[in-house]
Every structure is written in structure tokens, then in C-alpha cells.
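# Reading the structure
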Amino acid sequence: LVSLGSVAGAMANFLSARYLLRGWVSRRWGQGRRFRAIDRAVTTDGWKLIILTRISPVLPHSLVSCAFGLSRIPWLRYLFASWIGFLPLSAA
């Protein structure tokens, strides 16, 4: 139940950032070289980054979920990578 709750909260944050903030962020910073480079990197190897950020207890999960929501990573890939990354913390 803890694992499902963690993933549900992460998905709520991810989807709200994707559908409420992505357009504004894209208009504001989308033309920047850094934003495009980060977005491209997250889109190709994002599942690795998601797992690593979920395992880390230092990074605030809500901000990380929001940041991934602003990227173009597919939501299904985000869902499974978050779930796998949350498993060690849930087990602990």
C-alpha cells in the first residue's frame, strides 16, 4: 500500500505539472539550449534518472516529480521507473 500511495502521489504531481505548467515553461524557456538539452536527455534515458532520484533520500520527491512532468518523458515510463525506484524505500 505504501508503494502504491507513493506512486499515486508522484503521478498526481507529474500529471499536474505536465498539463498545467508544461505549456508555460515551454513558452518561457523552451527555446533555450539548456532546456532542450535537458529535455532530450530525460526523454532518452529518463528512466535511469527517475530510479536514481527515487532511491536518493536527499532530493525532494515532489520537486523531482514536477521536473519530470515538465519533460517529454512518457507517463507510462515515468510510472514504472518511479515504482521501481520507490520499492527500496517502501521496503525499508
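The rules behind each value
Residues numbered from 1 in each chain as written. Predicted model: local features only at pLDDT ≥ 70, side-chain atom pairs only at ≥ 80, totals over all residues. Heavy atoms only, no water. Core = buried A, V, L, I, M, F, W, Y, C linked by side-chain atoms within 4.5 Å. Buried < 20%, exposed > 50% of the residue type's maximum accessible area, 1.4 Å probe, protein only. Helix = DSSP H or I, 4+ residues; strand = E, 2+ residues; numbered from the N terminus. Contact = heavy atoms within 4.5 Å. Salt bridge = Lys/Arg side-chain N within 4 Å of Asp/Glu carboxyl O. Bend = angle between axes of the 7 residues up to and from the residue. pLDDT = per-residue confidence, 0-100. Patch = residues over 30% accessible without salt bridge, like charges linked within 9 Å, V, L, I, M, F, W, Y side chains within 5 Å. Areas by Shrake-Rupley, 256 points an atom, 1.4 Å probe, with all protein chains shown as cover. Lys, Arg positive; Asp, Glu negative; His and termini not counted. Charge placed at Lys NZ, Arg CZ, Asp CG, Glu CD. Polar contact = N/O pair within 3.5 Å; in protein donor to acceptor, adjacent residues only side chain to side chain.

What follows is about the nonpolar core. Formed by 13 residues in total, the largest nonpolar core has its most connected members in M11, F14, I50, F68, I73 and Y78. No other element matches helix α1 (residues 2-29), which puts four residues into this core. Residues in contact with I50, not counting those within four places in the same chain, are F68, I73, Y78, A81 and S82.

Tallying each qualifying case throughout the model produces two salt bridges. The partner of R22 in a salt bridge is D39, and the shortest N-O contact between them spans 3.4 Å. A residue pair is termed long-range when its members are at least 10 positions apart, and R22 in helix α1 and D39 in helix α2 (residues 33-55) qualify at 17 residues. For the pair shown, R22 and D39 are each scored as buried. Of the charged contacts in the structure, one is a salt bridge between R72 and D39, with a shortest N-O distance of 2.8 Å. Of this pair, R72 sits in the loop between α3 (61-70) and α4 (75-91) while D39 is found in helix α2, placing the two residues 33 residues apart along the sequence. What emerges from the salt-bridge pattern is a single network uniting R22, D39 and R72.

Now for α1. Taken as a whole, α1 carries its principal kink of about 55° at L21. Those residues of α1 not exposed but buried are S3, V7, A10, M11, F14, A17, R18, R22 and V25.

A few words now on the confidence of the model for the chain. Averaged over all residues, the pLDDT of the chain equals 86, while 100% of them reach at least 70. Ranking the elements of the chain by mean pLDDT puts α2 last, at 84, and α4 first, at 90.

A cluster of basic residues, R33, R34, R36 and R40, forms a positive patch at the surface. By the secondary structure assignment, R40 is in helix α2.

With respect to the helices, strands and loops of the structure, R18 is situated in helix α1. Buried charge R18 goes without a salt bridge, the closest partner of opposite sign being D39 at 7.0 Å. Separated by 2.7 Å, the side chain of R18 and the backbone oxygen of I73 make a polar contact. Those residues in contact with R18 that lie beyond four places of it in its chain are F68, G69, S71, R72, I73 and W75.

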